[in-house]
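# Observations on chain architecture
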Amino acid sequence: MLPILLAVDFGGIYHWSQYIAAFGIILAAILALPGLTDSTASSGLRQHAILWPLGVLVFWAFVQSVAMPASLIAWLSPGSYTAFTEWLVGLEVTSPGQAESGATVASMSVSPYDTSHVAALVTLMLPLCWAASIVFHARSRLMMLLSSLAIAGASVAVLGLYRKLDPTADLWIFQPKPNSFGGFVNRNNAALMLNLGLAASLGLLSWRMMAMHQVEVDAPEFEFNDLVALISDRESLVGLLSGTTCIAGLLVNGSRGGLVAALFGMAFAFGYVRPRRGLISLPILVVILAISVTVLITPMNLNLETLQRWEVFTGDADTLQSNGRLLHWSDGWQAAMAYFPGGAGLSTYAYAYLPYQEVSPSWWYEHADNLWLELLVETGLVGLVVAVWILAILLFALNRLAVSVDPLDQGLRVAGWYAIAAIMASQFFDYGLVLPANLIAALLLGTAIISRDIANGGSGGFTLPWSGHHRDENPREWTMHTAPEPPNRLGLNRSARGNRWLGGFHRLPCFLLAGLMIGGGLYVIPVLRQDAITDSLLSRLHAEYSRWQLNPEALEEMENVLQERRAADTSPLLFARLGAVQRDRARLAETREWRPQSAAEMGDIYEQLDLSNHTLPYPPESSIVRQESLSSWKHYNDAWQTSLETLQICPLAQAPRGSLLRLFPIIRSGESLPSGGTVNAEAVAHAAAEHLLVFYNGNPSRQFALGEASIRRGDFEAATEGLRAALEADPALTAEVMQLVQDNPELDVKEVIPDSPRVMRSAASRVLQWEQPDPEFLRRAVKTVGSEKDAPLETRAHCEELLGRIHFYLDEIEPAKEHYRQAIRMAPEKFIYRVDYINQLLERGLKSEALRQSRIGRNALPDKPQFQQFIDQIAESERTQTAPSDAVPEIDRSQLDALLNGPNP
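Below is a summary of the structure that appears in this document. Bear in mind that the values here come from a model prediction, so they are computed numbers and not experimental data. (Residues numbered from 1 in each chain as written. Predicted model: local features only at pLDDT ≥ 70, side-chain atom pairs only at ≥ 80, totals over all residues. Heavy atoms only, no water.)

## Examining the overall build of the chain
Each helix and strand counted, the chain has 36 helices and 2 strands in total. For the chain, the proportion of its 905 residues judged to be buried stands at 54%. A fraction of 73% describes how many contacts in the chain between residues 6 or more apart in sequence connect residues 24 or more apart. Accessible surface, the chain as shown: approximately 40,900 Å² in total, 59% of it carbon and sulfur. (Helix = DSSP H or I, 4+ residues; strand = E, 2+ residues; numbered from the N terminus. Buried < 20%, exposed > 50% of the residue type's maximum accessible area, 1.4 Å probe, protein only. Contact = heavy atoms within 4.5 Å. Areas by Shrake-Rupley, 256 points an atom, 1.4 Å probe, with all protein chains shown as cover.)

## Points about the pattern of salt bridges
In the structure shown here, the tally under the stated rule is 20 salt bridges. Arg-713 is the salt-bridge partner of Asp-715, the closest N and O atoms lying 3.6 Å from each other. Take Arg-713: its relative accessible area is 13%, and that puts it in the buried class. Its salt-bridge partner being Asp-755, residue Arg-780 comes within 2.8 Å of it at the nearest N-O pair. Here the residue Arg-780 occupies a position in helix H30 (residues 775-785), and Asp-755 occupies one in the loop between helix H28 (749-752) and helix H29 (757-767), the gap between them amounting to 25 residues. Three or more residues joined by partner-sharing salt bridges are found here, namely Arg-139, Asp-406, Asp-409 and Arg-452. (Salt bridge = Lys/Arg side-chain N within 4 Å of Asp/Glu carboxyl O.)

## What about helix H9 (residues 234-252)?
Spanning 19 residues, H9 covers 27 Å between terminal C-alpha atoms, matching the ideal 27 Å at 1.5 Å per step. When H9 is considered as a whole, its buried residues turn out to be Glu-235, Ser-236, Gly-239, Leu-240, Ser-242, Gly-243, Cys-246, Gly-249, Leu-250 and Val-252. Of the residues one or two after H9, Gly-254 is the one with positive phi, at around 85°. (Expected span 1.5 Å × (residues − 1).)

## Regarding the packing of aromatic side chains
What describes a pair of aromatic rings is the distance from one ring centre to the other and the angle between the planes of the rings. A full pass over the atoms with the stated rule returns 14 aromatic pairs. Summarising the aromatic geometry, the rings of Phe-808 and Tyr-837 are spaced 6.4 Å apart at their centres and angled 40° between planes, so their arrangement reads as tilted. Here Phe-808 is found in helix H31 (residues 793-809), whereas its partner Tyr-837 is found in helix H33 (residues 831-843), with 29 residues between them in sequence. Accessibility classification places Phe-808 together with Tyr-837 in one group, the buried group. Aromatic ring contacts, followed pair by pair, group Phe-10, Tyr-14 and Trp-16 into a single cluster. Lying across the ring of Trp-207, Arg-208 places its NZ or CZ 4.6 Å from the centre. When the ring centre of Tyr-545 is taken as origin, the NZ or CZ atom of Arg-577, which lies over that ring, is 4.8 Å away. (Phe/Tyr/Trp six-rings, centres within 6.5 Å; stacked < 30°, edge-to-face > 60°. Lys NZ or Arg CZ within 6 Å of the ring centre and 35° of its normal.)

## Considering unusual backbone geometry
Geometrically, the link from Phe-340 to Pro-341 is a cis peptide bond, its omega value of 10° lying close to zero. Positionally, Pro-341 belongs in the loop between helix H12 (325-339) and helix H13 (349-352). The omega torsion across Tyr-618 and Pro-619 is 5°, close enough to zero to call that bond cis. Tracing the sequence through the fold places Pro-619 in the loop between helix H21 (599-608) and helix H22 (631-649). The backbone phi angle of Asp-811 is positive, close to 60°, even though this residue is not glycine. One can find Asp-811 in the loop between H31 and helix H32 (813-826).

## Digging into the side chain of Asn-186
Mapped onto the secondary structure, Asn-186 falls in the loop between helix H7 (139-165) and helix H8 (187-213). Setting aside anything within four residues of it in sequence, one finds Asn-186 in contact with Asn-179 and Ser-180.

## As for helix H27 (residues 734-743)
Buried within H27 we find Thr-734, Val-737, Met-738, Leu-740 and Val-741. Summarising the axial view, the buried residues of H27 lie within an arc of 155°, below the 170-degree limit, and thus occupy one face. The elements touched by buried residues of H27 are helix H25 (700-712), helix H26 (716-729), H28 and H29. (Arc of directions from axis to C-beta.)

## A short note on the side chain of Ser-765
Position of Ser-765 among the secondary structure elements: in helix H29. Taking the relative accessible area as the measure of exposure, Ser-765 reaches 13% and is therefore buried. Here Arg-761 takes part through its backbone oxygen, which lies 3.0 Å from a polar atom of the side chain of Ser-765. Beyond its immediate stretch of four places on either side in the chain, Ser-765 contacts Leu-802 and Arg-805. (Polar contact = N/O pair within 3.5 Å; in protein donor to acceptor, adjacent residues only side chain to side chain.)

## Observations concerning the environment of Gly-24
By the element assignment, Gly-24 lies in helix H2 (residues 15-31). With relative accessibility at 31%, the residue Gly-24 sits in the partly exposed group. Remark: the alpha-carbon pair of Gly-24 and Leu-128, spanning 104 residues in sequence, is separated by 9.3 Å.

## Points about the packing of H7 against H9
As a packed pair, H7 and H9 sit with axes 8 Å apart at the nearest point and diverge in direction by 45°. On the basis of their axis angle, the class for H7 and H9 is oblique. The hand of the H7/H9 crossing is left-handed. Two secondary-structure elements touch here, H7 through Ala-150, Ile-151, Gly-153, Ala-154, Ala-157, Val-158, Leu-161 and Lys-164 and H9 through Val-238, Ser-242, Thr-245, Cys-246, Ala-248, Gly-249 and Val-252. Classifying every residue of the contact of H7 with H9 by side-chain character gives 10 nonpolar, 4 polar and 1 charged. (Axes fitted to C-alpha atoms, helices over the stretch in contact; angles between N-to-C directions. Parallel < 35°, antiparallel > 145°, perpendicular 65-115°, else oblique. Left-handed = near helix turned anticlockwise from the far one by under 90°. Nonpolar A, V, L, I, M, F, W, Y, C, P; charged D, E, K, R; others polar.)

## Focus: the nonpolar core
If you look at the biggest cluster of nonpolar residues, it comprises 111 residues, and the most contacted ones within it are Leu-124, Trp-130, Leu-146, Phe-184, Tyr-418 and Ile-449. With 13 residues, the top contributor of residues to this core is helix H6 (residues 112-135). Look past the residues within four positions of Trp-130 in its chain and what remains in contact with it is Ala-29, Ala-32, Leu-33, Leu-36, His-48, Leu-51, Leu-513, Ala-514 and Met-517. Leu-88, Phe-429, Ala-681 and Val-684 belong to the second-largest nonpolar core, a separate cluster that totals 55 residues. (Core = buried A, V, L, I, M, F, W, Y, C linked by side-chain atoms within 4.5 Å.)

The structure is reproduced here in structure tokens:
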């Protein structure tokens, strides 16, 4: 029941549901204890093989979350060491990692709380797998497992289809998000459960077909018509109905990754990409890959009215190519190498990748949308080894099940092949396996495969006389097994073998393992309980906060409760909510300190005290209020300290750095108060801005906002970096940035504008319009403006015209003329280029060249009167400057008299 119940709870994302599930898992493990004395349920430690890789992962997660020497962390996870040292410089945060070698850093995890919680959750998977290995060791209960998983997938599909049919349905299990499906927050996560349900459905059908018709689903002689005869059988009907429902859910839920996973799952389940089909596997694999790529990169819209509508020519559709996931994998790989070999800590990807962004799009990646990459980032080499280890165990078990004479084993093998292929394919584009509902379902199926293999003899079994994995051309008759347990591959009596194993001293390791599993689950329950209390508290506050945000008494009570929880829990989200409450208390207190005389005036003052745009001076300008008794300062200072404390437990968090920047003007102004202290607010704000510029890489709107805020607080160095980064990500912001540069002479345009041809063109055009353009910047622009050799002809013509204007301003006449002529040749229809060229020539007194260009323009574009006007203007100026031919020249009378009255010879 656990996968079904957790699927209803949005996949089990809430901590309280995980806490409740823990009791169910422990109860199942306790109820499985009697199975240790039953030879049909327990045949030794080998059936619990999956516990070893899972145990290694749990151990490593706990290691990541505990404190250890700085020198050891620097070797195990260089990225984590950097997070607790370099990324806290300037923030006035006490970092033990900055002390001498051997000092203690917080942990290998960059968010110890998140890692501890997930470590506790994965610890519960150990008693779950142990109990599943005992319970599903016998074939009778294995049938129930396949039916339950099939129904679990079908229930998700039914919920999703119901919501599609009735979008107005308002049940608590439905998320008001366009990409949700059924009870899952994300349709891709739901698609994984649908695929697991489809795997179990195929397993049921394969079992019943082999038992009734002696035909394997992945045998060459299989025909789909054989499925029709199974309708009268109860288990077959469950498989058919569940499988059909899951397929319908996959077709309408909109998950491309789910469809691709189904393709690979079907191919593996039916043996098309395994040796069962021989050389035909190669072309089949090529076809599957081609279809998968088409599904992933082609925009489509699946709905109930039309199951498949391909929008091939839609340029703005959300596909794998356009949504940025492929680009982000590059940054994820850089982060993985930075934290290698130890990893950044389980469940820390949202913070771990931030310092290593280069090409990611603007949004914040809480997950990598590639579970295998995320596992490498978070757990490093250990996670890679664990994943390969589990896969190897399962593949060996499936290969051994292939020679079993039990039809149920063949059904389990088909389900296993489908599930493995679906998980491996889908998790390249999703992270749905981290959701407890999906994880529990996958582990139950995997544990059953391993346990059933050991029940049949495991690696000690013999190989049947037929070659490879298929039977002879004349297969022997297989009868339907009605006995509780079929003969095993060794031909031995399992009861006798089990009794020998369980008898005497050999019984002790099994009981010790059981006690260890149950004890580990009981040990982490208190951790999950504390996390559940915190998660529920934060959920209630989030839902009701807007009702009490303007109530000082309610805010005070909230802060007291959060302070109490902080002593027992160090969740970064808890600290973030506490800081928000403290800021709101300070805002209300400051509003009262301005002594408003009416409710309207109070509301107006409250709006002006928003920290994002705090327009009133601080402290409040009131002669009545004594500065020594300002309660707002205490709350502002508390919020400042809370942000700094958050960085101690989560050094790469974005939110506390943003809070520090918003609080900076208040803290700087409050230093003059008697209780102000000696906080170096400017250094802290500068460091926070520098860090956020890296964390917001690829988000031009936030980088622009950071630059604009840095100008307001007088940090022009950070402003330059922020504006430059914003332009590199989005050249369309050039106009707004240039206006800021023009209004703030402290900014150097040469430092703000990057060497991007598009940005440089726009910036240079605006600089030429200034009263005093910067000649050095324009000389630099000359080298960049025309650097796009593959640009369209129209763009190149614009570049030539701009270069001509720049050269004219720099008094470089000949290059200017050449660039204008090139622009006119590239775009002869752009008469404005000719007009500008003629104006530039006239401004510099080059009338003959201007007249020539005017005449050329008049001949080329006779419908444009501007050129004739230029000709008339030049002719008029020539007439006014040239004397008439019949005019009498003026005579210098003194020279004439000197000449006439000169001495006689």
